Each structure stands twice: as structure tokens, then as C-alpha cells.
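Listed below, chain by chain, are the residues.
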Amino acid sequence: MRKIVLGYLQEEAIKLGIDLKDLQIIRYIYDFIKLGFVVSREIDGEKFYWIKSSHLLKELPILEIKNCEVLRRRLKNLVELKILDYRLVKKGGLFTFYRFGENYKLLLAREEEINEFNFRFNNYKEAYDKSK
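Definitions and cut-offs
Every chain's residues receive numbers from 1 upward, in the order its sequence appears when written. Reporting of local features is limited, given that this is a predicted model, to residues whose pLDDT is at least 70; pairs of side-chain atoms are given and counted only at 80 or more, and all residues count toward the totals for whole chains, interfaces and linings. Hydrogen atoms and water are omitted, and side-chain values are computed over all heavy atoms in the structure. For two strands to be treated as a pair, DSSP must find no fewer than two bridges joining them. We count a stretch as a helix when DSSP gives it H or I for four or more residues in a row; a strand needs E for two or more, and each element gets its number in order from the N terminus. The set of buried Ala, Val, Leu, Ile, Met, Phe, Trp, Tyr and Cys residues whose side-chain atoms join them within 4.5 Å is what this entry labels a nonpolar core. Burial status follows relative accessibility: with a 1.4 Å probe on protein chains alone, a residue under 20% of its type maximum counts as buried, one over 50% as exposed, and anything between as partly exposed. Any pair of residues with heavy atoms lying within 4.5 Å of one another is described as a contacting pair. What a helix should span is 1.5 Å times the count of its residues minus one. Throughout this description, a polar contact denotes any pair of N or O atoms lying within 3.5 Å of each other; where both atoms belong to protein, one of them has to be capable of donating a hydrogen while the other can accept it, and for residues adjacent in sequence the pair is counted only when both atoms sit in side chains.

> Go over the pairing of strand β4 (residues 46-50), please, and point to the residues and values.
Moving residue by residue along a regular strand, the side chains alternate between the two faces of the sheet. Bridge count for strand β3 (residues 40-43) against β4 is four bridges, and the pairing is antiparallel. Residue pairing across strands places arginine 41 opposite phenylalanine 48, the latter belonging to β4. A loop of two residues connects β3 with β4, the two strands running antiparallel in sequence, and aspartate 44 in this loop sits at a positive phi of about 55°.

Written out as C-alpha cells, the structure is:
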């Protein structure tokens, strides 16, 4: 079994009960935050990020999620699993803010797992190169 999928530990994702669509949503949020394309706000002493459901669906048609309500249910599940933390801000409209929750770190590959992944990849590449 491949250990790392979309940058996350596949086995831990299975244990938590999340699927590939959930991993893609988490990866999108991570990338969106890292690239700095997101509005942040301090809430209850923690930094949260505004994630607009309709924008996420527009950016990821591969998810084949047709409406924001289905996406919200997936996000709610990720909150219940403590992979994400969530705050609803009702000031000047309704805004959904998220941050990574305490169980997010369970999905992260440790250095030895990344090294094993790289080792396997390099072995496959070497075998392929020799077969030419």
C-alpha cells in the first residue's frame, strides 16, 4: 500500500474514516493558506482562514460535488473529526473561517516515511531506466 497520498498518510486517513475527496479538500485548504491567497482573522486567540465554499467547488471540479451544501457536510465531518476547526462569523454577512485542528497532525508524514517513499520511488525509477 502506498503510504503517502496527496502529501498525507493514507493509512491514517483510512483510520479516521476520510476519503480521497476529503484529502483533496484538506490539500486545497493547506495550499491556499501557504500561498497566502486567503483572508485570515484572529478568533479566540487563534488564527483562522476564510474559506468560501463556492470558490473551493469552482477550483476543484474534479471532486464532482455539485453544491455547497454537500461540501459543507464534508467540512462539518472534518470538523467533527478534529482535522479542521471552524468558526462562523456573523459580522457584515456570514463568513466561514477554518484552521487545522488537533488531529490534522495525524495525517502528516513523518521524515522517515517521506524518506521511505523517496527510496521506493528512486528504486522504481532505477528499475525503469535499466529496462530501456
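> Now, about the nonpolar core: what can you tell me, with residues and values included?
Counting 29 residues, the largest nonpolar core has Ile18, Ile25, Ile26, Ile29, Leu56, Ile83 and Leu107 as its most contacted members. Take this core: its biggest share by element is seven residues, from helix α2 (residues 20-34). Those residues in contact with isoleucine 26 that lie beyond four places of it in its chain are Tyr8, Ile18, Leu78, Ile83, Phe100, Tyr104 and Leu107.

> Please give an account of α2 that cites residues and values.
With 15 residues, α2 ought to run about 21 Å at 1.5 Å a step, and its terminal C-alpha atoms sit 21 Å apart, in line with that. Among the residues making up α2, those that are buried are Asp22, Leu23, Ile25, Ile26, Arg27, Tyr28, Ile29, Phe32 and Ile33. Looking at where α2 begins, the residue whose side-chain oxygen comes 3.1 Å from the main-chain nitrogen of lysine 21 is aspartate 19. After α2 finishes, the residue glycine 36 shows a positive phi value of roughly 80°.

> With reference to specific residues and values, describe the side chain of aspartate 85.
Inspection of the secondary structure puts aspartate 85 in strand β5 (residues 84-90). For aspartate 85, a relative accessible area of 18% gives the class buried. Within the structure, the side chain of aspartate 85 is placed 2.9 Å from the side chain of arginine 87, a separation counted as a polar contact. Apart from residues no more than four positions distant in its own chain, aspartate 85 is found in contact with Phe48, Phe97, Tyr98, Arg99, Phe100 and Gly101.

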